[in-house]
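Results of the structural survey
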There are 2 protein chains.
Amino acid sequence: MVLVKLKAKIIDVEAGLNVALLNEKYGGQLDFDVSDRVRLTVGRKTVVAMVDYSKKLVAPGEIGLFAEVSRALGARDGQNVETDLARRPASLDFIHKKLDGGTLAEAEIKAIIGDLMEEHLSTAESAAFIAGVYTKGLNTEETVFLTKAILASGGVLKCKRKPVVSEHSIGGVAGDRSSMLVVPIIASLGLTIPKTATRAISSACGSADAMEIFAPVNLSVREAERVINKTGGCLIWGGAVNIAAADDKLIKIRNPLRLDPQSLLLASILAKKKAEGAKFVVLDIPVGRGAKIASVDEARDLAKAFEALGKYLDMEVSCVITDGSGPAMNCVGPALEARRVLELLEGKEEPPLIEKACTLSGVLLAAVKGITRQEGYRVARQQLASGKALEKFREIIEAQGGDSRVRPSDVRLAQHSQKVFAAESGVVAHVDNKTLSRVARVLGAPSDKEAGIVLEVAKGARVKAKQHVATFYSDSAEKIRDAFEQIRKMPLIEIDKLVFDVV
Amino acid sequence: MVLVKLKAKIIDVEAGLNVALLNEKYGGQLDFDVSDRVRLTVGRKTVVAMVDYSKKLVAPGEIGLFAEVSRALGARDGQNVETDLARRPASLDFIHKKLDGGTLAEAEIKAIIGDLMEEHLSTAESAAFIAGVYTKGLNTEETVFLTKAILASGGVLKCKRKPVVSEHSIGGVAGDRSSMLVVPIIASLGLTIPKTATRAISSACGSADAMEIFAPVNLSVREAERVINKTGGCLIWGGAVNIAAADDKLIKIRNPLRLDPQSLLLASILAKKKAEGAKFVVLDIPVGRGAKIASVDEARDLAKAFEALGKYLDMEVSCVITDGSGPAMNCVGPALEARRVLELLEGKEEPPLIEKACTLSGVLLAAVKGITRQEGYRVARQQLASGKALEKFREIIEAQGGDSRVRPSDVRLAQHSQKVFAAESGVVAHVDNKTLSRVARVLGAPSDKEAGIVLEVAKGARVKAKQHVATFYSDSAEKIRDAFEQIRKMPLIEIDKLVFDVV
């Protein structure tokens, strides 16, 4: 096939990968097949895309460019697009090699991640890579190569003050805002802790969503470094600084497939920590019903793998295994969680989240300062009790561009709220993370930041029928009705009856 | 999430799977995520589709329906589409089970094939299934279940006269029109041989494309049965009778991935043979450079697997291992190949294809009639020599609706042709199947039925520089130029020099 010139037709569809659309008959004549790769050039910009056919949307002589492609080419409707068959990417051979049980060399893993970043792999090919890693595994060396390739795919933060430390949870627990406590505790002790947090993917709130209630989180690398160098900490959205960019692409393939090979989890998390420049890392591994990891044994194995991989990457990794079978706080949703964190920093109450955050902080302090973990824990508690953590939190808010004088009562909540009552009497047996997230999303979280749920009871509490057990918040009365609809199918709180029957 | 009504916006894109497009902001508010499955209902028709987002193409309150979805729903622009979250298909758990190395039960394999047919699986999920089968394999029982599930996904032919026999090649050889000889030979001996052939997928011509030069091949099941019951044979396009429909879907995933798990190959071919109602089957396994199978040992293993699986399916399968390292005839392209087959049936020449077709026929005759394969071969040759095979071929052409009096000289060839000359002297070392297909496609085959290549020399021939070695045919002078461009990058004929250098 020789090069042809086709007229661009912009198609406003986020295809999720680079797709170019040809008229079905015309594409056949040009010998471009569905799933062929074509190299498209407009001016000096070149992109590789997959061919798809359309009967009517594009005419012969036209090429339909989906959103990703037209953006990358900077193409406008009617512009000439030089179109040529592209070479089959070499990384496909390496994906095959993994499916065949082979061990991948550093250059081969680099090539796969490179082609993933350049959108040279189709969804099916990327899925085959994930399936290959899932079925055949990666050995430690391959995992190190993968971590480095993911690290190289995105930006890095350069912090002046050493040592740099970091905290991270493998996730899955509703209302787990540990980072919003650990960062000010640790930074208030003079250590550097740059936290690149995620936004909610399938949950109702990520740490970045909650922090955004107090301050901007979409900071550039330069802005983030300024905040860190000034305050010793930050709580920003990792997406904006483009940390470990390949990881986002891998997650988009892994999540719908629900394939979570351990080596990808390891590489994903440690690449982010490495990109933050961390030397000491503490990882939270929540365990239990509704959490990502089911058993403590499984968590111990994962912890060992994290610690081992950390050594190869010149990081000292410690892991804390925690109870992840229910929410970490009594509320879900960005504004509700943010308000609650501020109350905790003000010393209002002592829920399990304080225990968890101080344990994580203590483990970091032990690693850095050579003290015991118990001593580290006590130091962390002291920073909270003395108000120094709160003071540091306000400094960070200010440095990120927020209002450092913010009070819990300043946090705006949704205009509509409605109480939820227990359907029956008994003991609260389980409050499921996934159910909480699902219902909070129906209420509008995370895009409606003020939407969410406040729980009035915790696991183990005795409740009576018609007792007030939770409150729904939303900017829409209709969404509150939808949420009540939802909890008819999926109980918000599981209650064990005390008396099963009277016979 | 509760059910919402959205306005249909028809989008003329063959997405290759069921996709429904939501306005990005609005979709988030509805809590429909990218890759979520939604159940769409218009009137009495219901379809499950995957959600994708668009910023501008669809407005809030609209749902964009790609070609497959709007067809299946019979939806028109502006119609109300009831939209609800669909359950995650159970087959995803079975795909996981296979990736985890488990053995699938019959109901589980049925569920996967069922969801594949109903478009309930995303491309990535289907790819994960193929990768699971590739890495973990299917045992004989699972392969039997898969064959039955593929068989059940499409139509079957019911032939009155027994026994029904069938011939099939695993493919990859250019110009291999054995079936066009085997069918008339076998049918002329009173046996029933219904051939459901393929059209070219990546090659320049399938048997269905070549037969179409003489007669219609898009017959319905009823029409095909009438032809078979009348003549004892047919040469029709399997796609039109919808034989083993799931196989087409599996091929569309396997081909771009280049993942060909043996169990899928076995199931694919034997499901088709079973759908033809065959009791005796002969399979051609071409071996060598440029063929699908590299070594005779590998071919023997495959043959054993075919024979074993055949027993479970109540079919007697015999395999013939043939030289597949080059084209089976001296021409490529529908019209050229069809004309050549007619010449062979008229007894004009004795190329290797005659040898191959009579061997395949002989093996079938031996299996059915209890004679030796040598006797079978001689009987087949006799049918050719006596003109009885030609007579039967003309009967089949007539029954399928073609002109039974057609002569080779009636076959129209392309208006443009140009000779190809050898670049250097030497011995023809290799004529590559894939190169021939690629170049013939550049010339316009298979959609331009008259386009193709005639070779003037075969492997082993001595050629001189500037000797006429081939002729290109095309309906477009430009495509002939493109083909010459192509063979500068990829030599049409590989020539070994006799003298490497004079020093």
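Since this is a predicted model, take the numbers as computed values, not measurements.

To continue, consider the relation of the copies chain A and chain B. One copy of the chain maps onto the second through a rotation around an axis plus a translation along that axis. Structural alignment of chain A on chain B gives an RMSD of 0.1 Å, achieved by rotating through 180° and translating 0.1 Å along the axis. The superposition of one copy onto the other is thereby described by a two-fold rotation axis. In terms of C-alpha distance to the rotation axis, chain A has A:Ala124 as its closest residue, with the C-alpha 2.4 Å off the axis.

This paragraph deals with the state of the cysteines. Residues and elements named next belong to chain B. Tallied over the entire structure, the rule returns 0 disulfides over all chains. Cys-331 forms no disulfide, and the closest cysteine sulfur to it belongs to Cys-205, at a distance of 9.0 Å. Given a relative accessible area of 2%, Cys-331 falls into the buried group.

What follows deals with the nonpolar core. Counting residues in hydrophobic clusters, the biggest one holds 133 residues, and the most contacted among them are A:Leu270, A:Ile285, A:Phe306, B:Ile285 and B:Phe306. When sequence neighbours within four positions are dropped, the list of residues in contact with A:Ile285 reads A:Ile170, A:Ile293, A:Ala299, A:Leu302, A:Ala303, A:Cys319, A:Val320, A:Ile321 and A:Thr322.

Let us now look at helix H17 (residues 433–442) of chain B. Each α-helix winds once per 3.6 residues, and so residues spaced three or four apart point in a common direction. All names here are of chain B. Where burial is concerned, most of H17 is hidden: 8 out of the 10 residues are buried. Among all positions in H17, only Asn-433, Thr-435, Leu-436, Ser-437, Val-439, Ala-440, Arg-441 and Val-442 are buried. If you check the start of H17, you find a side-chain oxygen 3.1 Å away from the backbone N of Lys-434, and it comes from Asp-432. Just past H17, the residue Gly-444 takes up positive phi, approximately 125°.

What follows deals with the packing of helix H4 (residues 106–117) of chain A against helix H10 (residues 245–257) of chain A. All names here are of chain A. Across the interface, H4 lies against H10 with an axial gap of 10 Å and an inter-helix angle of 80°. In terms of orientation, H4 and H10 fall into the roughly perpendicular class. Along the contact surface, H4 presents Ile-113, Leu-116 and Met-117, while H10 presents Ala-245, Ala-246, Lys-249, Leu-250 and Ile-253. When its residues are assigned to classes, the contact of H4 with H10 shows 7 nonpolar, no polar and 1 charged.

Residue and element names in this part refer to chain A. Following the criterion strictly, the structure yields 4 aromatic pairs over all chains and no others. Ring centres of Phe-214 and Phe-393 lie 5.7 Å apart, and the angle between their planes is 90°; this geometry places the pair in the edge-to-face category. You can see Phe-214 sitting in the loop between helix H8 (207–211) and helix H9 (221–231) and its partner Phe-393 sitting in helix H16 (residues 388–400), a full 179 residues away along the chain. Grouping residues by exposure puts Phe-214 and Phe-393 together as buried. Note that Arg-199 overlies the ring of Trp-237, its terminal NZ or CZ placed 4.8 Å from the centroid.

So, about the pairing of strand E1 (residues 4–11) of chain B. All names here are of chain B. Bridge count for E1 against strand E6 (residues 80–85) is 4 bridges, and the pairing is antiparallel. The partner of Lys-7 across the bridge, within E6, is Asn-80. In this sheet, strand E5 (residues 62–66) lies alongside E1 in parallel orientation, the contact comprising 5 bridges. For Ile-10, the partnering residue across the bridge sits in E5 and is Leu-65.

Size of an interface, as often reported, equals the accessible area lost when the parts are brought together. Listed per partner, the contact involves 45 residues of chain A and 45 residues of chain B. A combined buried area of about 4,100 Å² lies between chain A and chain B, and 51% of that area is made up of carbon and sulfur atoms. At the junction of chain A with chain B, the criterion picks out 0 salt bridges. At the junction of chain A and chain B, the tally comes to 6 residue pairs in polar contact (both at pLDDT 80 or more). Mapped onto the side of chain A that touches chain B, the elements with two or more residues apiece are strand E4 (45–54), helix H3 (91–99), helix H5 (123–136), H10, helix H17 (433–442) and helix H18 (477–489) of chain A. Residues belonging to the side of chain A that touches chain B are distributed by class as follows: 20 nonpolar, 7 polar and 18 charged.

Residue and element names in this part refer to chain A. Relative to each other, H4 and helix H6 (residues 140–152) sit at 40°, their axes nearing to 9 Å. One finds that H4 runs oblique with respect to H6. Relative to H6, H4 is oriented so that their crossing is right-handed. Taken together, the residues of H6 that come into contact with H4 (itself represented by Glu-106, Ile-109, Lys-110 and Ile-113) are Glu-142, Phe-145, Leu-146, Lys-148 and Ala-149.

We now examine empty space enclosed by the protein. On inspection of all chains with the given rule, the structure shows 3 cavities of 30 Å³ or more. Each pocket or cavity is described by its volume, and for the largest cavity that value is around 50 Å³. Put simply, the parts of the chain that give the lining of the largest cavity at least two residues each are H3 and H5 of chain A together with helix H10 (245–257) of chain B. In terms of residue class, the lining of the largest cavity is built from 7 nonpolar, 1 polar and 2 charged. Lining the second largest cavity are A:Pro256, A:Leu257, A:Leu259, B:Leu92, B:Ile95, B:His96, B:Leu99, B:Glu125 and B:Ala128. At the level of secondary structure, the elements contributing two or more residues to the lining of the second largest cavity comprise H10 of chain A together with helix H3 (91–99) and helix H5 (123–136) of chain B. A total of 4 residues in the lining of the second largest cavity trace back to one element, the largest contributor, which is H3(B).

Another point: the sheet that holds strand E6 (residues 80–85) of chain A. Residues and elements named next belong to chain A. In spatial order, the strands read E1-E5-E2-E4-E3-E6; together these 6 strands close into a barrel with mixed pairing. Within the sheet, the average angular offset between the axes of one strand and its neighbour, ignoring direction, is 45°. Where strand E2 (residues 19–23) and strand E5 (residues 62–66) come together, 3 bridges link them in antiparallel fashion. Looking at the pairing, Leu-21 lines up with Gly-64 of E5.

Parameters at a glance
Residues numbered from 1 in each chain as written. Chains lettered and ligands numbered in written order. Predicted model: local features only at pLDDT ≥ 70, side-chain atom pairs only at ≥ 80, totals over all residues. Heavy atoms only, no water. Least-squares fit on C-alpha atoms with pLDDT ≥ 70 in both. Disulfide = S-S within 2.5 Å. Buried < 20%, exposed > 50% of the residue type's maximum accessible area, 1.4 Å probe, protein only. Core = buried A, V, L, I, M, F, W, Y, C linked by side-chain atoms within 4.5 Å. Contact = heavy atoms within 4.5 Å. Helix = DSSP H or I, 4+ residues; strand = E, 2+ residues; numbered from the N terminus. Polar contact = N/O pair within 3.5 Å; in protein donor to acceptor, adjacent residues only side chain to side chain. Axes fitted to C-alpha atoms, helices over the stretch in contact; angles between N-to-C directions. Parallel < 35°, antiparallel > 145°, perpendicular 65-115°, else oblique. Nonpolar A, V, L, I, M, F, W, Y, C, P; charged D, E, K, R; others polar. Phe/Tyr/Trp six-rings, centres within 6.5 Å; stacked < 30°, edge-to-face > 60°. Lys NZ or Arg CZ within 6 Å of the ring centre and 35° of its normal. Pairing = 2+ DSSP bridges. Buried area = accessible area lost by both parts, 1.4 Å probe. Salt bridge = Lys/Arg side-chain N within 4 Å of Asp/Glu carboxyl O. Left-handed = near helix turned anticlockwise from the far one by under 90°. 1 Å grid on protein atoms, 1.4 Å probe; cavity = no way out; pocket = protein on both sides within 12 Å on 5 of 7 lines; lining within 4 Å. Points joined across faces, edges and corners; volume = space filled by probe spheres on them.

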